[in-house]
Amino acid sequence: MAINEGAEILSEFSKTVDTIRGRLPAKLHTPLIGIVCGSGLSGLAASIRDKVEIPYDEIPGFGRSTVAGHGNALAFGLLGRDGIPVVAMLGRFHPYEGHPMSTVVYPIRTFALLGVKNIIITNAAGSLNPKIPVGTIVTIQDHLALPNLTGHLNPLLGPVLPAPFDTRFQPISTAYSFSLRKIAFRAAHELQFPRSALTEGIYAWVSGPTYESPAEGRFLRNQGADVVGMSTIPEVVAAKHAGMEVLVLSLVTNMVVIPDKYRSAREEVDAEIAGIPLPPVIEEEVTHSEVLEVGLAKGDDMRKLVEKIIELLG
Ligand SMILES: O=P(O)(O)O[C@@H]1C[C@H](O)[C@@H](CO)O1
């Protein structure tokens, strides 16, 4: 990267930070905790006090989320008994919307420059694991990121950026903070959530926007993934790269369609010819409305959990 390109990037980020701080009272200038709200989960920010919202289109460098269930503003304010300064993205940018990776992770890098030390990233996800039903919250302990491995969508591809984003080879084996994951379970215990409400698992990242074919779902399951989604991993990579402690909470909004047996057109025709009555067949499909519905129904549990985690962190 040319020296002046690095200087341009830094000057864009400093415009972003100056614009944001120019809109906030001093007590909110340095949020310690960042939150990313997944599909249908922008209610997570409902209990932020002394809230100041800044629309994305008024922040230099920010994109615009075009996905139903995602807002387009940062919410700053205080959370928890001790009034910890926080910032929440009320909606995120997904690569499948056409955003370049630099835009997808721009808010995360902005969080780092504002002073965020711990980030709680949430998402809606499909379950690949029959033991993890709809409505469960999954604390992510690892990921399988096919788009990272195949070389198109890793947010760290490209020239090394200026400090503090200047690590070339970023290890990712400890991206999911063990201490934050423990705090999540402690929080669930203090909230008296049933044991089954929060579990641990591995998130597979796919680019979307198609939901998985049965063969793709089976493949991901066989590789050890528990849930699958179309976001989060670029944010995790950028947050780790920027030195943050990362916690990811996935809300299971649907089961990925992985039938035990394919419906056979040949067998059905044979049965029809032989006059054998066939049982009714239900062909399942995932829809974004069902994803949003579960987000709405379970959003309050996610909000309580995030708040309690922040209280315990404080
Ligand atoms: O932004 P998240 O990951 O929460 O949203 C999920 C993935 C897709 O954007 C969408 C599919 O229903 O929900």
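As recorded in an unreviewed UniProt entry, the chain goes by the name Purine nucleoside phosphorylase, listed as coming from Botryobasidium botryosum. On record in UniProt, under Sequence similarities (unreviewed entry), the comment for the chain is "Belongs to the PNP/MTAP phosphorylase family." Per UniProt, the chain has the following entry under Pathway (unreviewed entry): "Purine metabolism; purine nucleoside salvage."

This part covers the site of the ligand. The ligand sits among 13 residues. The nearest are Ser-39, His-94, Tyr-96, Tyr-211 and Ser-231. Within the contact set of the ligand, an oxygen atom lies 2.9 Å away from a side-chain nitrogen or oxygen of Arg-92. Ala-124 is positioned with one of its backbone polar atoms (N or O) 2.8 Å from an oxygen atom of the ligand. For the shell around the ligand, the elements supplying multiple residues, two or more each, are β5 (118–127) and α9 (288–313).

This part covers the layout of surface pockets. In this structure, the largest pocket occupies an estimated 510 Å³ of space. In terms of lining, the largest pocket is formed by 19 residues, of which the most central are Pro-259, Arg-263, Ile-282, Glu-283 and Glu-284. Grouping the constituent residues of the lining of the largest pocket by class yields 10 nonpolar, 1 polar and 8 charged. Lining the second largest pocket are 22 residues, and of these Ile-9, Ser-102, Arg-109, Pro-155 and Leu-161 lie nearest its centre. Contributing elements (two or more residues each) for the lining of the second largest pocket: α1 (3–22), α2 (101–104) and α3 (106–114). Per-class residue counts for the lining of the second largest pocket are 11 nonpolar, 7 polar and 4 charged.

This part takes up the pattern of salt bridges. All told, the structure shown has 16 salt bridges when counted by the stated rule. Note that Lys-27 is salt-bridged to Asp-50, the shortest N-O span being 2.6 Å. With Lys-27 in the loop between α1 and β1 (33–36) and Asp-50 in strand β2 (residues 49–55), the pair connects residues that are 23 residues apart, well separated along the chain. Judged by relative accessible area, Lys-27 falls into the partly exposed class, the value being 47%. For Arg-263, the salt bridge identified is with Glu-268, shortest N-O distance 2.5 Å. Take Arg-263: its relative accessible area is 46%, and that puts it in the partly exposed class. Judged by its relative accessible area of 17%, Glu-268 falls in the buried class.

What counts and what doesn't
- Residues numbered from 1 in each chain as written.
- Predicted model: local features only at pLDDT ≥ 70, side-chain atom pairs only at ≥ 80, totals over all residues.
- Heavy atoms only, no water.
- UniProt positions renumbered as here; feature names shortened; annotations may be inferred.
- Near = heavy atom within 4 Å.
- Polar contact = N/O pair within 3.5 Å; in protein donor to acceptor, adjacent residues only side chain to side chain.
- Helix = DSSP H or I, 4+ residues; strand = E, 2+ residues; numbered from the N terminus.
- 1 Å grid on protein atoms, 1.4 Å probe; cavity = no way out; pocket = protein on both sides within 12 Å on 5 of 7 lines; lining within 4 Å.
- Points joined across faces, edges and corners; volume = space filled by probe spheres on them.
- Nonpolar A, V, L, I, M, F, W, Y, C, P; charged D, E, K, R; others polar.
- Salt bridge = Lys/Arg side-chain N within 4 Å of Asp/Glu carboxyl O.
- Buried < 20%, exposed > 50% of the residue type's maximum accessible area, 1.4 Å probe, protein only.

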